[in-house]
Amino acid sequence: MNPDDLLEETPEHLLLLSCKGPDRCEREFRATSCRQFPFFPYISSDFRFIGLAHDWEFESKCWLLSHLEQVTPDYRQEFIKTFDLIFSYWMDDFDSYAALSEEVREHYLDNHKRIPLLHRNGSDYLISPKNETLKKINLKELKKHRPYA
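Residues numbered from 1 in each chain as written. Predicted model: local features only at pLDDT ≥ 70, side-chain atom pairs only at ≥ 80, totals over all residues. Heavy atoms only, no water.

Focus on helix H3 (residues 73-89)
Given a rise of 1.5 Å per residue, 17 residues ought to cover 24 Å, and the 25 Å separating the end C-alpha atoms of H3 matches this to within 8%. Every buried residue of H3 is listed here: Arg 76, Phe 79, Ile 80, Thr 82, Phe 83, Leu 85, Ile 86 and Phe 87. (Helix = DSSP H or I, 4+ residues; strand = E, 2+ residues; numbered from the N terminus. Expected span 1.5 Å × (residues − 1). Buried < 20%, exposed > 50% of the residue type's maximum accessible area, 1.4 Å probe, protein only.)

Structure representation (structure tokens):
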């Protein structure tokens, strides 16, 4: 994900991309949704983009979600830089991720769990879905998801 590539296009130009599947992936032309997977920009309840979170539905399907410590600082910063730029152009995208973040908070609250967050400040946290307090963590200590446990 290189946010500088977005600067070459103005918001008036829309370029639609479709996935041809993993066996015919054209990596240099991947859509943002493919480049960000399995993460999404976490928007706090007071509408701040504070870092990278993930949808719980991918925990049993994506090895990386059991090995969050493998996410590089460069990837994290590129992700944040890219979405800061996207949100500066398209507030509808921000609103969509705010709604997804709310859905994730509700799910984790119902399941009495905290949300893992790769914060934009470079640290890692668990967020309380009830009041969004942050608890600093070491990602290596998180419980692995099945079948990766």
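What about the sheet that holds strand S3 (residues 115-119)?
Spatial ordering of the open sheet is given by S1-S2-S3-S4-S5, a layout of 5 strands whose pairing is antiparallel. Single-partner strands in this sheet number two, and they are strand S1 (39-43) and strand S5 (134-136). Shown here is a sheet whose adjacent strand axes are inclined to one another by a mean of 40°, direction ignored. Its contacts with the sheet put helix H4 (residues 91-110) on S1, strand S2 (49-54) and S3, and the angle it makes with S1 is roughly 90°. (Pairing = 2+ DSSP bridges. Axes fitted to C-alpha atoms, helices over the stretch in contact; angles between N-to-C directions. Contact = heavy atoms within 4.5 Å.)

A closer look at the packing of H3 against H4
Geometrically, a packed helix pair is captured by the angle between its two axes and the distance between the axes. Following both chains from N to C, one finds H3 and H4 inclined at 115°, their axes separated by 5 Å at the closest point. For the pair H3 and H4, the contacting residues are Phe 83, Ile 86, Phe 87 and Tyr 89 in the first and Met 91, Asp 93, Phe 94 and Tyr 97 in the second. Here the contact of H3 with H4 is composed, by residue class, of 7 nonpolar, no polar and 1 charged. (Nonpolar A, V, L, I, M, F, W, Y, C, P; charged D, E, K, R; others polar.)

A short note on the environment of Phe 83
Relative to the helices and strands, Phe 83 resides in helix H3. Take Phe 83: its relative accessible area is 2%, and that puts it in the buried class. Taking the C-alpha atoms as reference, Phe 83 lies 10.0 Å from Gly 51; in sequence the two are 32 residues apart.

Some words on the pattern of salt bridges
Using the criterion set out here, one finds 5 salt bridges in the structure. For Arg 120, the salt bridge identified is with Asp 84, shortest N-O distance 2.6 Å. In this pair, Arg 120 sits in the loop between S3 and strand S4 (124-127) while Asp 84 sits in helix H3, placing the two residues 36 residues apart along the sequence. For Arg 120, a relative accessible area of 30% translates into the label partly exposed. The class for Asp 84 is partly exposed, based on a relative accessible area of 34%. Between Glu 132 and Arg 105 there is a salt bridge whose closest N-O contact spans 3.3 Å. One end of the pair, Glu 132, is in the loop between S4 and S5; the other, Arg 105, is in helix H4, with 27 residues separating them in the sequence. The same class applies to Glu 132 and to Arg 105, which are both buried. Among the charged side chains, a salt-bridge network with shared partners connects Glu 102, Arg 105 and Glu 132. (Salt bridge = Lys/Arg side-chain N within 4 Å of Asp/Glu carboxyl O.)

Comments concerning the pairing of S3
Look at any regular strand and the pattern is simple: side chains alternate between the two faces of the sheet. Counting buried positions over the 5 residues of S3 gives 5, a clear majority of the element. Taking every second residue as pointing to the same face, both faces of S3 are buried, with Ile 115, Leu 117 and His 119 on one and Pro 116 and Leu 118 on the other. In this structure, the hairpin formed by S3 and S4 is closed by a connection of 4 residues, where Gly 122 is found at a positive phi of approximately 95°.

Section: the environment of Val 71
Among the structural elements, Val 71 can be located in the loop between S2 and H3. In this structure the C-alpha to C-alpha distance between Val 71 and Leu 118, which are 47 residues apart in sequence, comes to 8.9 Å. Excluding its chain neighbours within four sequence positions, the residues that come into contact with Val 71 are Phe 39, Leu 64 and Leu 118.

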